[in-house]
Amino acid sequence: MANTTKTFAPPDSKGEEKNESTKHFTNVGTTGRLLSLLGGAALVYNGWNKKASVLGKSLTTVGTYLMLRGISGFCPVNKVLQIDTAHADTEGFEVTTSVTISKPRDEVYQFWRKLENLPKFMTYLEEVRQTDGKRSHWVAKVPRNVTTKEKLATIAWDAQIEQEEENSHITWRSLPGSEVENSGEVHFTDTLNSRGTVVRATLSYHPPLGIAGQLAAKLLNPAFKELVKQDVRRFKRILEAVEIPTIIGQPSGRKDEKY
Amino acid sequence: MKAICWEGINKVSTERVPDPSILNPRDAIVRVFLSSVCGSDLHLLGGYIPAMRAGDIIGHEFMGEIVEVGPEVKKLKKGDRVVVCSVLSCGGCEFCQREEYSLCDNSNAEPEWTEKAYGYPVAGIFGYSHALGGYAGSHAEYTRIPFAENTCFKVPDGVSNESALFTSDAFPTGYMAADFAGIEPGDTVVVWGAGGVGLMAMHSAWLLGAGRVIAIDQYPYRLEQARVRANAETLNFKEVDVLQALKDMTGGRGPDRCIDCVGMEANSTGIEKIYDYAKQYARLQNDRPAVLRQAIMACRKGGTVSIIGVYGGFVDKFPMGAAMNKGLTFRMGQQFGQRYIPKLLDIVAKGEVDPAYLLTHKLSLDMGQEGYMMFKDKTNNNMRSVFAPAG
Ligand SMILES: [Zn+2]
Ligand SMILES: [Zn+2]
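We now turn to the structure provided with this report. Small disclaimer: the values here were computed from a predicted structure and weren't measured. (Residues numbered from 1 in each chain as written. Chains lettered and ligands numbered in written order. Predicted model: local features only at pLDDT ≥ 70, side-chain atom pairs only at ≥ 80, totals over all residues. Heavy atoms only, no water.)

Okay, the overall build of chain B next. A count of helices and strands for chain B gives 13 helices and 15 strands. Its C-alpha atoms give chain B a radius of gyration of 20 Å, near enough to 21 Å, the size a compact globule of 391 residues would have. Overall, the C-alpha framework of chain B stretches about 60 × 50 × 45 Å when taken along its three principal axes. Residues classed as buried in chain B amount to 62% of the 391 residues present. Counting only contacts in chain B whose residues sit at least 6 apart along the sequence, the fraction spanning at least 24 positions is 74%. Taken as a whole, chain B presents about 14100 Å² of accessible surface, with 49% of it coming from carbon and sulfur. (Helix = DSSP H or I, 4+ residues; strand = E, 2+ residues; numbered from the N terminus. Rg over C-alpha atoms; globule rule 2.2 N^0.38 Å. Buried < 20%, exposed > 50% of the residue type's maximum accessible area, 1.4 Å probe, protein only. Contact = heavy atoms within 4.5 Å. Areas by Shrake-Rupley, 256 points an atom, 1.4 Å probe, with all protein chains shown as cover.)

Structure below.
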């Protein structure tokens, strides 16, 4: 792709000074930003979870880097490689995961369908508000420090439920023109022994086209997969255990941390 | 408050730490009266469990009094005297509903470790490494109890703290081992390990109809406990050829039920380096299954091997041929405490078994290191060091 190798100049650039300088600081497309933010959050979260390990440290470092990249919209690696992904499109990528929940299908469905519940188990969501029967407003939070839940940035978009069949499935999609292009679908089926519900969730994101975009997708897919998997696990835990088990805030002999 | 923290291989220290607080609606806080060391702690001490972090509060067998409850806790109140199950269960998942509580899907706060190492996450356990949830343990003045209604059991009036204590872990663990052995009336039951859990397995074997109970250990004072307290015949594996002796004792036929209460060797000196990296959790080192091999070889054809001693990863040179060709049945698992504790409290209240004799050394929290070393080195005829934070 020719435009992926251009230096901070979009194909339609008229060469205005102002545009140039803006581009200088945002060479990562908005979806790329979201990817970086969420992927970074996932990596920081995982890294922080396993803080003592070598893996944890490097995950935290990579995660922090990706978050900075997402937050500032500026990627030093892209700059070095002279790649501009801000003005390109590519195919989406998606994560599918499933979980079995020992609760009746209608109860499981209803909890998810009340979109306001989503932030209870989707870590990066700050708020989802149903604006009418089909439309909703989503706000994602991006913590710099997972321990303190300190906020650095929020991203908002509107979404619309495209299909729903009570106690069976829901699909939704961000509205055209949203800063963040994404979609999801969840299916609810009985377990074979009819004592529980199988929930199968697919979330899709659309990173920009180009080598860097695809690379980013490849790189971040595992982090996303983990993030989505953990979100779905939290969903199960809320329904089955009423709460999400935690050790954050418990005492330990470590002077520097509280868990 | 004061608490005993794991610091490294064979090293614990008593530290000042913050008091615990209610973190989730189903939590309670227990003021700890008694908190026992357990044989499985020796795996932590020996460095065999890589998901330990310096500063982790250890201890999982305890009883005390409720001092605070979360908003979702209805069946417990301040002042209740309770014994606390070492294993945490949510009560709502498929496995809790099957009463397989240590397989709980939800009670482990750090499920990624065992999900990677074992394929699926297992239940949380107090003070037993981050692989099993990272929960602060009970060698402390206060302990936070997740899922309190499922974890705490009221101690009947008339049952002393000392007698109730071991219905937290040692007794239900030993009882489950005997239960899993599938004992039929008149069976010969052999128990490897005459520590707290092994002795409780021997009592339980009698309760479940054994015709004969044989204990195997290397420490004469423990074998004496097995004889005197649990009415067992004894074999010292340092003195006799166990396989031959068991054959001789059973008319050449072999014992019906073999119970492993030892697990991966905890007596050996620890490995030098711990890679606390989730993926390596199970690859760190092969567990050395000397007892398990012997139990498989000793067991009669068609018999049962019940494994309650803790294993963490892989075992080396597992005699699969013997197990398969002799048609053995294996049962194993971490204790399903919630299934057994009410029944065992009843047995203790009736005086049928009084596990209080396991408590040989009552110590203050300041004696953490001494308490563990005495227990590990089997000095002073130590069965169990028990910390009594309130004196
Ligand atoms: Zn134990
Ligand atoms: Zn459960």
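The subject of this paragraph is the overall build of chain A. Along chain A, the regular secondary structure elements total seven helices and seven strands. Counting from the amino terminus, chain A carries its helices and strands in the arrangement α-α-α-α-β-α-α-β-β-β-β-β-β-α. Within chain A, the proportion of its 259 residues that are buried is 51%. Taking the intrachain contacts of chain A between residues at least 6 apart in sequence as the baseline, contacts between residues at least 24 apart amount to 57%. A total of about 12300 Å² of accessible surface is found on chain A, and carbon and sulfur atoms cover 54% of it.

Residues and elements named next belong to chain A. With respect to the helices, strands and loops of the structure, Arg113 is situated in helix α5 (residues 105-113). Residue Arg113 is classed as buried on the basis of its relative accessible area, which comes to 13%. A polar contact of 2.5 Å, which involves the side chain of Arg113, links it to the side chain of Glu164. In this structure Arg113 touches Gln130, Gly133, Ile161, Glu164 and Ile170, once residues within four positions along its chain are discounted. (Polar contact = N/O pair within 3.5 Å; in protein donor to acceptor, adjacent residues only side chain to side chain.)

That's the geometry; what it means functionally is another story.
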